[in-house]
Amino acid sequence: NVVIRCRNLGKTYREGDLVTPVFENLQLDVMKGETVAIVGASGAGKSTLLHLLGGLDSASSGEVSVAGQAMSSLSDAQRGLLRNRALGFVYQFHHLLPEFTALENVMMPLLIVGESVAKARPKAQALLDRVGLTHRLGHKPGELSGGERQRAAVARALVTRPACVLGDEPTGNLDEKTASNVFELMIELNREIGTALVLVTHDRRLARRLDRTLELTQGRLHPLSTLD
Ligand code: ADP
Ligand code: ADP
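Residues numbered from 1 in each chain as written. Chains lettered and ligands numbered in written order. Predicted model: local features only at pLDDT ≥ 70, side-chain atom pairs only at ≥ 80, totals over all residues. Heavy atoms only, no water.

Describing the site of ligand 1
- The environment of ligand 1 is formed by Tyr13, Glu15, Thr20, Val22, Ala41, Ser42, Gly43, Ala44, Gly45, Lys46, Ser47 and Thr48.
- In this structure, Gly43 approaches ligand 1 through a main-chain N or O atom, which is 2.7 Å from an oxygen atom.
- Taking Ser47, its main chain carries an N or O atom lying 2.8 Å from an oxygen atom of ligand 1.
- For ligand 1, whose unbound accessible area comes to 560 Å², protein coverage reaches 62%.
- If you list the elements that add at least two residues to the shell around ligand 1, you get strand 1 (2–15), strand 2 (18–31) and helix 1 (46–53). (Near = heavy atom within 4 Å. Polar contact = N/O pair within 3.5 Å; in protein donor to acceptor, adjacent residues only side chain to side chain. Areas by Shrake-Rupley, 256 points an atom, 1.4 Å probe, with all protein chains shown as cover. Helix = DSSP H or I, 4+ residues; strand = E, 2+ residues; numbered from the N terminus.)

Some words on the pairing of strand 4 (residues 61–66)
- Alignment of strand 1 against strand 4, held across 5 bridges, turns out to be antiparallel. Bridged to Gly10 within strand 4 is Ser61.
- Where strand 4 folds back onto strand 5 (residues 69–70) in an antiparallel hairpin, the turn is made up of 2 residues, including Ala67, whose phi is positive at roughly 50°. (Pairing = 2+ DSSP bridges.)

A few points about the confidence of the model for the protein chain
- Model confidence for the protein chain is summarised by a mean pLDDT of 95, while 99% of its residues fall at 70 or above.
- Element-level pLDDT for the protein chain is lowest in helix 7 (residues 204–207), with a mean of 91, against a maximum mean of 98 in strand 4.
- In the model output, the complex is listed with pTM 0.90 alongside ipTM 0.72. (pLDDT = per-residue confidence, 0-100.)

A closer look at the pattern of salt bridges
- Taken as a whole and assessed by the stated rule, the structure comprises 12 salt bridges.
- The residue Glu115 makes a salt bridge to Lys123 at a minimum N-O spacing of 2.9 Å.
- For Glu115, a relative accessible area of 23% gives the class partly exposed.
- Lys123 gets classed as partly exposed once you look at its relative accessible area, which sits at 39%.
- The partner of Arg130 in a salt bridge is Glu188, with the nearest N and O atoms 2.8 Å apart. (Salt bridge = Lys/Arg side-chain N within 4 Å of Asp/Glu carboxyl O. Buried < 20%, exposed > 50% of the residue type's maximum accessible area, 1.4 Å probe, protein only.)

Brief notes about the sheet that holds strand 5
- The 4 strands are arranged 2-1-4-5 in an open sheet whose pairing can be described as antiparallel. The two strands at the open ends of the sheet, each matched to only one other strand, are strand 2 and strand 5.
- Contacts from helix 1 reach strand 1, strand 2 and strand 4 within the one sheet, and its direction differs from that of strand 1 by about 120°. (Contact = heavy atoms within 4.5 Å. Axes fitted to C-alpha atoms, helices over the stretch in contact; angles between N-to-C directions.)

Quick look at the site of ligand 2
- All residues adjacent to ligand 2 are Val131, Gly132, Ser145, Gly146, Gly147, Arg151, Thr178 and Leu185.
- In the environment of ligand 2, an oxygen atom lies 2.8 Å from a nitrogen or oxygen atom belonging to the backbone of Gly147.
- Against a free-state accessible area of 550 Å², the protein chains account for coverage of 51% of ligand 2.
- Contributing elements (two or more residues each) for the shell around ligand 2: helix 5 (146–158) and helix 6 (176–193).
- Per-element accounting of the shell around ligand 2 gives the leading share, 3 residues, to helix 5.
- Residues belonging to the shell around ligand 2 are distributed by class as follows: 2 nonpolar, 5 polar and 1 charged. (Nonpolar A, V, L, I, M, F, W, Y, C, P; charged D, E, K, R; others polar.)

Here we look at helix 2 (residues 76–86)
- Taken together, the buried positions of helix 2 are Arg79, Leu82, Arg83 and Ala86. Each buried residue of helix 2 lies within a common arc of 100° when the element is viewed along its axis, so the set occupies one face.
- Contacts from the buried residues of helix 2 go to strand 4, strand 5, strand 6 (87–90) and strand 7 (164–168). (Arc of directions from axis to C-beta.)

Shown next, in the form of structure tokens:
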């Protein structure tokens, strides 16, 4: 039961005469409910890989499939639909909409896939309760602490119960203790909802809490032993 599959995946950026090969021939299968950490030096291509997995950029070679559908075979509209239904995203910065409350921000992905406000509201509220933000439903992002904002962003990513959540340094902007709490929360929700997690992190201690760690280095993905 594979939720994300990469076959012979390659990416080279081309801007005029400037050619930047990032990686080639990457193979990756992420199974339903599995948690995978991607580590690697700055510039190794971790964000690029995540963008390809999420259909935000297109591959130069090879193929990414999400929930059994090859990204390159879809129209832009179909790819957008697949992204909204099957994937969730968490970034280093929360990217919550500043003019909307926590509740409204978390309802948004459900409204985008066509759910009614009447159905979306209790789902968003239940997840905000679950991440410890019951007392913050009506607060806007600017009125929340860093940890609270990131927990709201986690709730937003999971509210559609996606097959996989992609996170680019999702705890990278938090202090150590808050980062550890938010990371743990993501793992707990992964277990409860059955969502797979693919998290880019530079923090190998946090990475060790996931099922497996892959290091992206010199254009290749290598499994890291848990002893590293
Ligand atoms: P990481 O996330 O591991 O730090 P990135 O995926 O951001 O690495 O970058 C990998 C390489 O691709 C770097 O050499 C970077 O400069 C280059 N790169 C990233 N995005 C672009 C882009 N939009 N256009 C051109 N080159 C890019
Ligand atoms: P801060 O940025 O203020 O450090 P935290 O994420 O550490 O934010 O949490 C703020 C408050 O919410 C703390 O009192 C913490 O105990 C509580 N809290 C954190 N995570 C949860 C959770 N998953 N469920 C319930 N309460 C939580």
